[in-house]
Amino acid sequence: MQTYTDIFIDFDDTLYDTRGNAVIALGELYEYYHWEEFFSEPDIFYQAFWKYNVGLWEQYAKGEITKNELLIERFRKPLSVSDRMEQEELTDDFCLAVSDKYLELCATKTGVVEGAYRLMDFLRDKGFRLHLCSNGFREVQYKKLKASRLLPYFDTIILSEDAGANKPSPDFFAYAFRQTNANPAHTLMIGDNYYTDIEGGMAAGIDTLFFNPWDENFVPPRKPTYEARILDEIISILDVELMETS
């Protein structure tokens, strides 16, 4: 077992229920723009949104598209599914306006992953230094952190826009170490995205804890230091680590 002093932890879908909150925001967005005029049922739009959104975020993490391209295309592509929507209406400016409204709605949502407060209370009470590491956008993440009441737990907020690189880039983690003065030998990365959080942490030379509530059949290409299916398991894992190193 390793002695950890610093925890790097992902935010979206690790602590903050991004997917659940986004489902609510998408429903509000659908009603706001009266998209029932263009889709026979809302699920057609929702399914198209999630299909394209996941792929676009993967491209963004790899540096293959810009932030603006992500914001535009994650609405242009699903709206283009409708044969009732005039394609010339889906301008960059319109899609950015839709994105702004969507992010405004998302930023007010307060839902967290089950066990998030218990985990953060445990980590804080045990004296770990806590550093949020996120590829999310600056103008939204701070609002979500405040809405969810998670901001006070963190010693440092590390965002990809400030780092000038996205997880899993080594440049992101190098920036995180400069900002936190954390020792890689005593740092643990916790996150739900195997590619950005776990492979990124491994490449940076730190131990990793893969939080995987999504797919019990997924076999990591490289085994992380620890794995957990629910956040309470992380408490148990670190409790054992603390007992064995005390």
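Anything mentioned here points back to the structure above.
This one's a predicted model, so the numbers in the text were calculated from it and none came from an experiment.

Considering the sheet that holds strand β6 (residues 226–228)
Piece 1. In spatial order, the strands read β3-β2-β1-β4-β5-β6; together these six strands make up an open sheet with parallel pairing. The two strands at the open ends of the sheet, each matched to only one other strand, are β3 (156–159) and β6. Going from strand to strand, the sheet's axes swing by 20 degrees on average, the running direction of each strand aside.
Piece 2. Strand direction decides the pairing type here: strand β1 (residues 6–9) and strand β2 (residues 129–134), joined by four bridges, are parallel. Paired with Ile7 across the two strands is Leu130, which belongs to β2.
Piece 3. In the packing of helix α6 (residues 138–147) onto the sheet, the strands contacted are β2 and β3, and the crossing angle to β3 comes to about 145 degrees.

Brief notes about unusual backbone geometry
Piece 1. The step from Lys167 to Pro168 runs through a cis peptide bond, and the omega angle for that step is 15 degrees.
Piece 2. When you line up the elements, Pro168 lands in the loop between α7 (160–163) and α8 (170–180).
Piece 3. A positive phi angle, close to 70 degrees, is found at Asp13, a residue other than glycine.
Piece 4. Take Asp13: it is sitting in the loop between β1 and α1 (18–32).
Piece 5. With a relative accessible area of 16%, Asp13 lands in the buried category.

Here's the deal with the nonpolar core
Piece 1. By size, the foremost hydrophobic cluster in this structure holds 32 residues, and its most contacted members are Leu15, Met120 and Phe154.
Piece 2. Within the residue set of this core, elements represented by two or more residues are β1, α5 (116–125), β2, β3, β4 (187–191), β5 (207–211), β6 and α10 (231–245).
Piece 3. Beyond its immediate sequence surroundings of up to four residues, Leu15 is in contact with Ile9, Asp10, Val112, Val113, Ala116, Leu119, Met120, Leu150 and Phe154.
Piece 4. One finds Trp35, Tyr60, Leu70 and Val98 within the second-largest nonpolar core, a separate group that totals 30 residues.

Focus: the pairing of β4
Piece 1. The buried fraction of β4 is high, at five of five residues.
Piece 2. Burial along β4 is two-sided: the residues Thr187, Met189 and Gly191 and Leu188 and Ile190 are all buried.
Piece 3. Bridge count between β1 and β4: four bridges; the pairing is parallel. What sits directly across from Ile9, in β4, is Ile190.
Piece 4. With respect to chirality, the unit in which β4 leads through helix α9 (residues 194–203) into the neighbouring parallel β5 is right-handed.

Quick look at the packing of aromatic side chains
Piece 1. Summed over the entire model, instances satisfying the criterion amount to 25 aromatic pairs.
Piece 2. The interplanar angle of 65 degrees and the centroid separation of 5.6 Å between the aromatic rings of Phe49 and Tyr102 together place this pair among those described as edge-to-face. In this pair, Phe49 is assigned in helix α2 (residues 42–61) and Tyr102 in helix α4 (residues 92–106), connecting sequence segments 53 residues apart.
Piece 3. The class for Tyr102 is buried, based on a relative accessible area of 4%.
Piece 4. Each ring, one from Tyr194 and one from Phe210, has its centre 5.6 Å from the other, and the planes form 70 degrees; the classification is edge-to-face. In this pair, Tyr194 is assigned in helix α9 and Phe210 in strand β5, connecting sequence segments 16 residues apart.
Piece 5. A relative accessible area of 3% places Phe210 in the buried class.
Piece 6. Ring pairs connect the aromatic residues Tyr30, Tyr32, Tyr33, Trp35, Phe39, Phe45, Tyr46, Phe49, Trp50, Phe75, Phe94 and Tyr102, which therefore count as one cluster.
Piece 7. Taking NZ or CZ as reference, Lys62 lies 5.6 Å from the ring centre of Tyr195, over its face.

Focus on the pattern of salt bridges
Piece 1. Across all of its chains, the model carries 15 salt bridges by this definition.
Piece 2. Ionic pairing is found between Asp162 and Arg138, a salt bridge with its closest N-O pair at 2.7 Å. On the criterion of sequence distance, the pair formed by Asp162 in helix α7 and Arg138 in helix α6 is long-range, its members being 24 residues apart.
Piece 3. The shortest N-O distance in the salt bridge between Asp197 and Lys167 comes to 2.6 Å. Of this pair, Asp197 sits in helix α9 while Lys167 sits in the loop between α7 and α8; the two residues are 30 residues apart in sequence, bridging distant segments of the chain. Judged on exposure class, the residue Asp197 and its partner Lys167 are both buried.
Piece 4. By sharing partners, the salt bridges in this structure join Asp10, Lys167 and Asp197 into a single network.

What counts and how
- Residues numbered from 1 in each chain as written.
- Predicted model: local features only at pLDDT ≥ 70, side-chain atom pairs only at ≥ 80, totals over all residues.
- Heavy atoms only, no water.
- Pairing = 2+ DSSP bridges.
- Helix = DSSP H or I, 4+ residues; strand = E, 2+ residues; numbered from the N terminus.
- Axes fitted to C-alpha atoms, helices over the stretch in contact; angles between N-to-C directions.
- Contact = heavy atoms within 4.5 Å.
- Buried < 20%, exposed > 50% of the residue type's maximum accessible area, 1.4 Å probe, protein only.
- Core = buried A, V, L, I, M, F, W, Y, C linked by side-chain atoms within 4.5 Å.
- Right-handed = clockwise from strand over helix to strand, strands pointing away.
- Phe/Tyr/Trp six-rings, centres within 6.5 Å; stacked < 30°, edge-to-face > 60°.
- Lys NZ or Arg CZ within 6 Å of the ring centre and 35° of its normal.
- Salt bridge = Lys/Arg side-chain N within 4 Å of Asp/Glu carboxyl O.

Interpretation in functional terms is not warranted from these geometric data alone.
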